[in-house]
Amino acid sequence: MTLAEIFPSVRVRAPGKINVFLQVGGLDDDGYHELATAFQAVSLYEDVVATYADDFTMAVNGSVPLEGVPVDDRNLALRAARLLAAETGYEGGVHLEVHKQVPVAGGMGGGSADAAAALVACDALWGTELPTGELHRLAARLGADVPFALMGGTAIGVGRGDRLSPALARGRFDWVLVTSEEGVSTPAVYGELDRHRERHRVDIGPVPAVPQVDADVLHALRAGDARMLASTLRNDLQAATLQMRPDLAPVLELGEREGALAGIVSGSGPTLAFLCGGPEEAIDLQVTMSAAGHVALHVHGPVPGARVVG
Ligand code: ATP
């Protein structure tokens, strides 16, 4: 008996992510950058509810501004559902309700989380029961960050960030996220990085041919040591994002001055992630940043990847 025969709909929760380390290599032949990244899934979630339907439809709601989120076939969640149907020969459709908490175009992989959640939800609803490896293969076809949203936890990603291996992480890391009303376009940030590298080629030196995650990052994650992790945070996109969004620099400084161990732009931004010494320090920082007029959220990681919930 499939889940669908027991329940009329399936709810799946998938996490947003922070890149605690992101080294960007040169452009490959397809115009993409080689990456080496360490992802951590955090407790800011997207929920996708899948219900039987003849066609493919969706609706979006949530606690974040939703401008720019398509509700047609440009939406990654709907594309995920269609891809699974095409690959498995499923002939019906689905209605997806996406509940967003991850800021849109925020650098936290919200759309990727929706796609991962839609894959898992439709797989359960339709009883297609793809093996995990197959789901990951479909996820990688949808986008570079989708496989990590499926896997969750803490992981190293190479290639475009989609070739994953789990990383051992002990304990819990407390983060304060400061979100922005307006997102930034990831391709625009990469474009800015390329121009920055071109302008400052002499000072920067050669771009690494094969980017790699520093051993110190893995060590800090394995030890569950927030202080150690703070000293190894790195994001090669940060300078480009700050160039496009100079308003973020003083906010980064404020968070670090007010008690964060370190602050970093999350992925391509503009969300800022502040690593804190523990839950109490994070609550204090959240209060301070909120009092200064920012939208600040306290989250923790690592948390599991896309999974069916109640
Ligand atoms: P990325 O780095 O992959 O661009 P991000 O976290 O910065 O990710 P997302 O919120 O995932 O940003 O979305 C980026 C863009 O993708 C949005 O501006 C929107 O136009 C489009 N999009 C497609 N599907 C979705 C979805 N389910 N949720 C949000 N945006 C989506």
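Look a little higher up for the structure.
Residues numbered from 1 in each chain as written. Predicted model: local features only at pLDDT ≥ 70, side-chain atom pairs only at ≥ 80, totals over all residues. Heavy atoms only, no water.

Peer 1: Explain the overall build of the protein to me, please; I cannot follow it from the model alone.
Peer 2: On a plain count of helices and strands, the protein comes out with twelve helices and twelve strands. The C-alpha atoms of the protein give 19 Å as radius of gyration, which agrees with the globular expectation for 310 residues (19 Å, within 12%). Dimensions of the protein, computed from C-alpha atoms along their principal axes, come out at roughly 55 × 45 × 35 Å. Among the 310 residues that make up the protein, the fraction classed as buried is 50%. Taking the contacts inside the protein whose residues are at least 6 apart along the sequence as the reference set, 76% of them involve residues at least 24 apart. For the protein, the exposed surface amounts to about 13600 Å²; the carbon and sulfur share of it is 51%. (Helix = DSSP H or I, 4+ residues; strand = E, 2+ residues; numbered from the N terminus. Rg over C-alpha atoms; globule rule 2.2 N^0.38 Å. Buried < 20%, exposed > 50% of the residue type's maximum accessible area, 1.4 Å probe, protein only. Contact = heavy atoms within 4.5 Å. Areas by Shrake-Rupley, 256 points an atom, 1.4 Å probe, with all protein chains shown as cover.)

Peer 1: Please clarify how the site of the ligand should be interpreted in this entry.
Peer 2: Neighbouring residues of the ligand: 18 residues in total, closest Ala105, Gly109, Gly111, Asp114 and Thr186. Within the side chain of Asp114, a nitrogen or oxygen atom sits 2.8 Å from a nitrogen atom of the ligand. In isolation the ligand exposes 600 Å². Once the protein is present, 75% of that is buried. Among the detected pockets, the ligand sits in the largest pocket. The dominant element in the shell around the ligand, judged by the number of residues it contributes, is helix α3 (residues 110-126), at three residues. Its residues assigned to classes, the shell around the ligand shows seven nonpolar, eight polar and three charged. (Near = heavy atom within 4 Å. Polar contact = N/O pair within 3.5 Å; in protein donor to acceptor, adjacent residues only side chain to side chain. 1 Å grid on protein atoms, 1.4 Å probe; cavity = no way out; pocket = protein on both sides within 12 Å on 5 of 7 lines; lining within 4 Å. Sits in = over half its atoms within 2 Å of the grid points. Nonpolar A, V, L, I, M, F, W, Y, C, P; charged D, E, K, R; others polar.)

Peer 1: Honestly, the nonpolar core in this entry has me stumped. Any pointers?
Peer 2: Proteins that are soluble and globular tend to have nonpolar side chains buried together. Ranked by internal contacts, the top residues of the largest apolar core, which has 39 residues, are Leu84, Val94, Leu96, Leu119 and Trp126. Secondary structure elements with two or more residues in this core: β1 (9-27), β2 (33-53), β3 (56-62), α2 (76-88), β4 (93-100), α3, α4 (132-142) and α5 (146-151). Take this core: its biggest share by element is twelve residues, from α3. Once residues within four sequence positions are removed from consideration, Trp126 is found in contact with Tyr52, Phe56, Ala81, Leu84, Ala85, Tyr90, Gly93 and Val94. Listed in part, the 27 residues of the second largest apolar core include Ala167, Trp175, Val217 and Ala262. (Core = buried A, V, L, I, M, F, W, Y, C linked by side-chain atoms within 4.5 Å.)

Peer 1: Just to check I follow, could you spell out the side chain of Asn19 for this structure?
Peer 2: Mapping Asn19 onto the fold places it in strand β1. A residue is classified by how much of its surface remains accessible, and Asn19, at 4% relative accessible area, is buried. Polar contacts involving the side chain of Asn19 include one to the side chain of Thr37, which spans 2.8 Å. Once residues within four sequence positions are removed from consideration, Asn19 is found in contact with Thr37, Ala38, Phe39, Ile264 and Gly267.

Peer 1: I'm lost on the environment of Met58 in this one. Help?
Peer 2: Along the chain, Met58 turns up in strand β3. Met58 sits in the buried class, given a relative accessible area of 10%. Considering only alpha carbons, one finds Met58 and Ala215, 157 residues apart in sequence, at a separation of 43 Å. In contact with Met58, not counting residues within four places along its chain, are Pro70, Val71, Asp72, Asn75, Leu78, His95, Leu96 and Val98.

Peer 1: Quick question: what am I supposed to make of the packing of α3 against α4 here?
Peer 2: Relative orientation of the contacting elements α3 and α4 amounts to 145°, with a least axis distance of 10 Å. The handedness of the crossing between α3 and α4 comes out as right-handed. Residues Ala115, Leu119 and Asp123 of α3 lie in contact with α4, whose contacting residues are Leu135, Leu138, Ala139 and Leu142. Split by residue class, the contact of α3 with α4 holds six nonpolar, no polar and one charged. (Axes fitted to C-alpha atoms, helices over the stretch in contact; angles between N-to-C directions. Left-handed = near helix turned anticlockwise from the far one by under 90°.)

Peer 1: Is there a simple way to think about the packing of α2 against α4 in this case?
Peer 2: Any two packed helices are characterised by the angle at which their axes cross and by the distance between the axes. Close contact between α2 and α4 brings their axes to 10 Å; oriented N to C, the two are set at 135°. The angle between the axes of α2 and α4 places the two elements in the oblique class. Where α2 crosses over α4, the two elements pack in a sense that is right-handed. Taken together, the residues of α4 that come into contact with α2 (itself represented by Leu76, Arg79, Ala80, Leu83, Leu84 and Glu87) are Leu135, Arg137, Leu138, Arg141 and Leu142. Split by residue class, the contact of α2 with α4 holds seven nonpolar, no polar and four charged. (Parallel < 35°, antiparallel > 145°, perpendicular 65-115°, else oblique.)

Peer 1: What's the story with the layout of surface pockets in this structure? I'm lost.
Peer 2: If a probe the size of a water molecule is rolled over the atoms, the empty space left behind becomes visible. The volume enclosed by the largest pocket comes to roughly 1300 Å³. Sorting the residues of the lining of the largest pocket by element identifies β1, β2, α2, α3, α4 and α6 (186-199) as the ones contributing at least two each. Across the lining of the largest pocket, the residue classes break down as 20 nonpolar, 19 polar and eight charged. A domain split of the lining of the largest pocket shows at least three residues from each of domain 1 (3-166) and domain 2 (173-301). Of the pockets and cavities examined, the second largest pocket occupies roughly 420 Å³. (Points joined across faces, edges and corners; volume = space filled by probe spheres on them. Domains from an automatic or database assignment.)

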